[in-house]
There are 2 protein chains.
Amino acid sequence: MSGRIVVLTGGVGGAKLVLGLMQVCPAEQITAIVNTGDDFRHLGLAISPDIDTLLYTLSGKANAAQGWGREGETWTFMEALKSLRGEDWFLLGDGDMALHVLRSHLLASGETPSSVTARFAAAWGLGLDILPMSDDPVATHVATDQGDLPFQRYFVEQRCMPAVRAIRFDGAGTARPAPGVIEAIRDASTRAILIAPSNPWLSVDPILAVPGIRDALAAAGAPVVAVSPIVGGQAVKGPTTKLMGELGLAVTNAAIADHYAGVIDGLLVDQRDGGAGVGIAHAVTDTLMKTLDDRARVAQAALELAERIAG
Amino acid sequence: MSGRIVVLTGGVGGAKLVLGLMQVCPAEQITAIVNTGDDFRHLGLAISPDIDTLLYTLSGKANAAQGWGREGETWTFMEALKSLRGEDWFLLGDGDMALHVLRSHLLASGETPSSVTARFAAAWGLGLDILPMSDDPVATHVATDQGDLPFQRYFVEQRCMPAVRAIRFDGAGTARPAPGVIEAIRDASTRAILIAPSNPWLSVDPILAVPGIRDALAAAGAPVVAVSPIVGGQAVKGPTTKLMGELGLAVTNAAIADHYAGVIDGLLVDQRDGGAGVGIAHAVTDTLMKTLDDRARVAQAALELAERIAG
């Protein structure tokens with residue numbers, strides 16, 4: 001089947017869905033629009049966690065057991081950094097440093113995040129288009145009972161322990177969608193737009209907060225289908241369910257559908273939860289993605305739901 | 001014996017002499033003034049090779065067999081960098097990266113090279129004062145038969161193969177000695193000023209090119225003694241003898257003494273060469289520094305020559 005597939009994605013769960021898509025359609029048909037609200041500067045280096053997770057996952061370099069970083073990573077840099085009394089709350093693997101150092105250098109030389117990302121994807125032979133949501137800086141901040149925390153301080157240093165009261169995306173008001181983002185969503189050849197099972201509040205909302213993207217999704221000719229991040233009343237990984245509780249929400253697919261109201265046309269839900277209260281088109285499958293086959297199956301199910309909606 | 005020892009030093013050979021000094025007098029008495037003409041930016045990182053060589057050598061982290069870098073180094077960063085098609089002519093070890101990244105970050109945060117160097121020396125428990133020659137940028141350039149080359153391109157990328165016609169130190173005209181440099185040279189308690197057996201043209205001349213340092217040495221109350229880099233008509237390491245030939249000089253201690261005329265009061269020469277034609281006070285010993293004992297012996301001999309000159 002021809003036609004472009006667009007997928008909005010955040011971290012590990014999202015990368016798994018994109019890897020699944022790569023199994024069921026040609027890479028050239030896929031455009032991934034990636035959250036950059038997690039991006040931050042650390043030791044002067046430009047770190048872009050969700051872009052990197054996607055690059056590692058798609059190139060077969062991800063450390064699947066650990067859930068982040070590179071397979072076969074070494075840690076000599078961190079040991080030396082500690083001996084110099086450098087900040088060590090954020091772990092930087094030796095191989096991982098190559099992405100950060102080269103990205104920082106290219107950005108300082110005047111390249112855009114889009115261009116750097118495309119360069120890395122090409123170097124590793126990935127055939128899809130990977131687009132940061134914006135080339136302008138957007139920084140997710142979490143207002144918690146422990147005060148205001150930049151995302152990585154909340155997520156990595158504090159391990160999501162503080163209770164979240166509100167989330168904001170600094171810079172989103174004036175950020176522009178990266179080149180190709182709106183075009184991909186609007187493209188007449190686009191046959192499906194997926195929202196990966198990333199955290200809706202922390203990983204997908206930053207993308208929707210970039211002016212123009214939410215409107216483009218609402219007006220898109222292609223059906224927009226989200227894969228629910230809930231599996232058996234829990235999130236597979238990360239703080240989604242804890243966060244939903246702190247925001248006063250029930251951990252249900254109805255709450256996910258409500259959150260994406262006006263943006264999505266359909267929701268793919270897990271068979272353990274079902275679609276009770278989901279007031280839009282939905283499909284039910286096993287959405288747990290443990291194996292590569294699982295990932296392909298979930299991607300295929302999301303595409304089939306989109307196809308059904310498109311009629 | 002009390003009183004301060006000041007030593008002007010460049011790369012590996014100089015670091016060996018400073019390590020020898022650490023064996024024969026308390027670290028607190030030693031002030032090393034280090035060449036920063038080799039410093040450069042690579043991939044956006046601030047790299048300071050002679051400072052780092054001294055830090056590694058004195059802290060026991062140097063890879064003695066290799067002659068540069070760290071013992072037990074790993075190379076995961078370089079492998080990943082190559083996979084991303086980053087520049088790979090200059091080798092950056094994983095542990096070595098900690099110095100470069102932290103230095104770059106601290107400089108960008110407003111610290112001076114002096115302050116960063118002192119911080120690193122303290123973190124590794126080194127008791128001596130290590131002073132960059134200047135906190136202002138000075139960049140050694142080599143005019144060669146292959147054109148004008150920044151120092152690291154000549155030294156590392158081209159392996160000193162191009163024939164040198166002239167050497168210049170960009171920025172030296174307006175650079176100021178780093179805090180403590182002139183004070184250490186002038187200090188009434190200073191009992192000896194040594195010039196390490198580093199390359200006089202490439203490693204020591206940049207220090208002497210910083211306005212005020214040469215004059216301070218000429219006017220110093222303490223005797224100034226150089227350790228000749230020539231051993232048996234050759235340099236132990238690096239391009240000294242090749243360079244002397246290209247500059248039309250005989251590879252003799254007389255030429256070394258001439259080069260330092262007006263700066264030094266004495267020259268320590270190797271027993272294989274002797275002091276023929278050296279028109280100033282000199283002493284003869286085995287200056288080859290293979291073992292730690294050798295280093296202590298050479299340091300001791302240089303101090304004794306200084307003592308003899310001081311009378």
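Residues numbered from 1 in each chain as written. Chains lettered and ligands numbered in written order. Predicted model: local features only at pLDDT ≥ 70, side-chain atom pairs only at ≥ 80, totals over all residues.

Draft legend 1. Representation of the sheet that holds strand S7 (residues 147–150) of chain B within the structure. Residue and element names in this part refer to chain B. Ordered in space as S7-S6-S8, the 3 strands form an open sheet in which the pairing is antiparallel. Each of the sheet's edge strands pairs with one partner strand only, and the pair in question is S7 and strand S8 (164–170). Mean inter-strand twist for the sheet, computed between neighbouring axes without regard to direction, equals 25°. Those strands touched by helix H8 (residues 200–209) are strand S6 (139–144) and S8, and its axis lies near 35° from that of S8. (Pairing = 2+ DSSP bridges. Helix = DSSP H or I, 4+ residues; strand = E, 2+ residues; numbered from the N terminus. Axes fitted to C-alpha atoms, helices over the stretch in contact; angles between N-to-C directions. Contact = placed C-beta atoms within 7 Å.)

Draft legend 2. Up close: the nonpolar core. Residues Val7 and Ala302 of chain A together with Val7 and Ala302 of chain B are the most contacted members of the largest nonpolar core, which totals 178 residues. When residues no more than four places from it in sequence are discounted, the contact partners of Ala302 of chain B are Leu194, Val225, Val227 and Leu268 of chain B. (Core = buried A, V, L, I, M, F, W, Y, C linked by C-beta atoms within 7 Å. Buried ≥ 20, exposed ≤ 12 C-beta atoms within 10 Å, placed from the backbone.)

Draft legend 3. Region of interest: the environment of Leu305 of chain B. All names here are of chain B. If you trace the backbone, Leu305 turns up in helix H12 (residues 292–310). The class of Leu305 is buried, set by 26 C-beta atoms lying within 10 Å. With 40 residues separating them in the primary sequence, Leu305 and Asp265 have C-alpha atoms 9.6 Å apart. If we ignore the near neighbours within four places in the chain, the residues touching Leu305 are Val225, Gly266, Leu268, Ala281 and Ala283.

Draft legend 4. Structural detail: helix H1 (residues 12–24) of chain A. Residues and elements named next belong to chain A. Compared with an ideal rise of 1.5 Å per residue, which puts 13 residues at 18 Å, H1 spans 19 Å between its outermost C-alpha atoms and is within 8% of the ideal. A large share of H1 lies buried, amounting to 10 of its 13 residues. Considered for burial, the residues of H1 that qualify are Val12, Gly13, Gly14, Ala15, Lys16, Leu17, Val18, Gly20, Leu21 and Met22. Along its buried surface, H1 packs onto strand S1 (4–9), strand S2 (30–34), helix H2 (49–58), helix H8 (200–208), strand S10 (224–227) and helix H12 (292–310). (Expected span 1.5 Å × (residues − 1).)

Draft legend 5. Spotlight on the relation of the copies chain A and chain B. When chain A is fitted to chain B, the residual RMSD is 0.0 Å, and the transformation amounts to a turn of 180° plus an axial shift of 0.0 Å. Taken together, the rotation and translation relating the two chain copies correspond to the operation of a two-fold axis. For chain A, the minimum C-alpha distance to the rotation axis belongs to Asp94 of chain A and amounts to 2.9 Å. By residue overlap, the copies meet face to face through one surface: 96% of the interface positions of chain A are interface positions in chain B. (Least-squares fit on C-alpha atoms with pLDDT ≥ 70 in both.)

Draft legend 6. Here's a closer look at the sheet that holds strand S13 (residues 266–270) of chain A. All names here are of chain A. Within the open sheet, the 7 strands sit side by side as S5-S2-S1-S9-S10-S13-S14. Their pairing is parallel. A strand with exactly one partner marks an edge of an open sheet, and here the two such strands are strand S5 (129–132) and strand S14 (281–285). Within this sheet the neighbouring strands show an average axis-to-axis angle of 20°, counted without direction. By the bridge criterion, 3 bridges tie strand S9 (residues 190–195) to S10 in an arrangement that is parallel. Paired with Ile195 across the strands is Ala226, a residue of S10.

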